[in-house]
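Summary of the model geometry
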Amino acid sequence: MEYFDLEDPFTSLKEHQSDTISALFSSESDHMPSQNCFQCLKTSDFYVSFRQEAISLILQVQYSYNLDPYTPYLAVNYMDRFISRQEIPQDKPWVLRILVIACISLAAKMKEIHFSSSNFQREEFIFDAPAIQRMELLILDALNWRMRSITPFSFICFFISFFEPKDPPLTQALKDRATNIIFQANNDINLLAFKPSTIAASALLLASHELFPLQFPCFETSILSCEFVNKENLLKCFNVMQEMVINQISESIVDTVSSSSTRTPINVLDCHCTKSESGSTTSTTAAIAMPEKREIKRRKLNQPCG
């Protein structure tokens, strides 16, 4: 397979740029889960837990094999599209593991990364190479062999061109933060219903609001005026994504407080002794006093460019 760059699904975005961008927007729906997938995840506990466990396994492989984050992202894309088109038997727990192995294997092939499933298999579920290949073929067939997925990363360069000023360090910082948000969004079922381009634009706007609030209004106006953007869907996606980021920050703060605070007098003493012995000046009392949720200013879209 030819090496696949998620930012360039059509091999070369630099050739016939305008035609390629138009093709990206017109084709992106073909690389999304089917419409009933979102409803299934909203109404079925089985599919929610199935997807959560599958993503957890995919992330385990990422850390075990030190894969770049784009490979597991692509694997999740394949998995979401497959389970939205293929009924998953609930009485066969081995299906989840072979599906994960096959999705990672296909993503690794697209990224030209060596992946061996031998170290990832458990004794109760051991699949030989032919079984994995058959699963790969099932996935390929369900996805109509569309493996060069159009993802939010395919639209990053297009939307970032609307950002002013054209300062490489600033645009790189914006791109890096938006990329991180997109990776986070992959776990949120509430964002599955939005098109990749909408997720990309929302992530860049949210990153701009965080990093460059003075440039945000003009950036927002430029993106909202883009002919390819559905304003209503972008507003909805931005709000969902902003809530996701706020919740993740809040959970991180709570985890930090929980790990540094204690529940009993003995543990409090142990904590202070440990900190004193290590030379740390961190105050456990101050950590306990922190609120469980940081007050984060929410930004409403569609404000005029000043």
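Everything discussed here concerns the structure shown above.
This one's a predicted model, so the numbers in the text were calculated from it and none came from an experiment.

1. Considerations on the side chain of T71
Within the fold, T71 resides in helix 4 (residues 70-83). The contact partners of T71, leaving out residues within four places of it in the chain, are A107, A108, K111 and I113.

2. What about the packing of helix 8 (residues 168-185) against helix 9 (residues 196-211)?
Contact pair helix 8 / helix 9: the axes reach a minimum separation of 8 Å and the direction vectors enclose 125 degrees. Between helix 8 and helix 9, the crossing angle belongs to the class labelled oblique. Crossing hand, helix 8 versus helix 9: right-handed. Note on element contacts: helix 9 touches helix 8 through I199, A200, A203, L204, L206, A207, S208, E210 and L211, opposite A173, L174, R177, A178, I181 and I182. Among the residues forming the contact of helix 8 with helix 9, the class breakdown is 12 nonpolar, one polar and two charged.

3. Observations concerning helix 9
With 16 residues, helix 9 should reach 22 Å at 1.5 Å per residue; the first-to-last C-alpha distance of 22 Å fits that figure. Where burial is concerned, most of helix 9 is hidden: 14 out of the 16 residues are buried.

4. Section: the nonpolar core
If you look at the biggest cluster of nonpolar residues, it comprises 82 residues, and the most contacted ones within it are Y78, F82, L99, I139, F159 and M241. Counting residues per element, this core draws most heavily on helix 5 (residues 94-110), which supplies 13 residues. Excluding residues within four positions of it along the chain, F82 makes contact with I88, L99, M135, L138, I139, A142 and L143.

5. Structural notes on unusual backbone geometry
With the exception of glycine, most residues fall at negative phi, and the peptide bonds are largely trans. The peptide bond linking E164 to P165 adopts the cis configuration, its omega dihedral lying at 5 degrees. Look at N66: it is not a glycine, yet its phi comes out positive at around 55 degrees. Of note in this structure, W145 is not a glycine but carries a positive phi near 65 degrees. Locating W145 in the fold gives a position in the loop between helix 6 (129-142) and helix 7 (156-160).

6. Let's talk about the environment of A129
Mapped onto the fold, A129 is located in helix 6. On the basis of relative accessible area, A129 is assigned to the partly exposed category, the value being 48%. Distance in space between the C-alpha atoms of A129 and S117 is 9.0 Å, their sequence separation being 12 residues.

7. Comments concerning the packing of aromatic side chains
Under the defined criterion, the tally for this structure stands at 19 aromatic pairs. In this structure an aromatic cluster arises from ring pairing among F25, F155, F158, F159, F162 and F228.

8. Some remarks on the side chain of T171
Position of T171 among the secondary structure elements: in helix 8. Given the relative accessible area of 17%, T171 is considered buried. Those residues in contact with T171, other than ones at most four positions away along the chain, are I160, F163 and P165.

Analysis parameters
- Residues numbered from 1 in each chain as written.
- Predicted model: local features only at pLDDT ≥ 70, side-chain atom pairs only at ≥ 80, totals over all residues.
- Heavy atoms only, no water.
- Helix = DSSP H or I, 4+ residues; strand = E, 2+ residues; numbered from the N terminus.
- Contact = heavy atoms within 4.5 Å.
- Axes fitted to C-alpha atoms, helices over the stretch in contact; angles between N-to-C directions.
- Parallel < 35°, antiparallel > 145°, perpendicular 65-115°, else oblique.
- Left-handed = near helix turned anticlockwise from the far one by under 90°.
- Nonpolar A, V, L, I, M, F, W, Y, C, P; charged D, E, K, R; others polar.
- Expected span 1.5 Å × (residues − 1).
- Buried < 20%, exposed > 50% of the residue type's maximum accessible area, 1.4 Å probe, protein only.
- Core = buried A, V, L, I, M, F, W, Y, C linked by side-chain atoms within 4.5 Å.
- Phe/Tyr/Trp six-rings, centres within 6.5 Å; stacked < 30°, edge-to-face > 60°.

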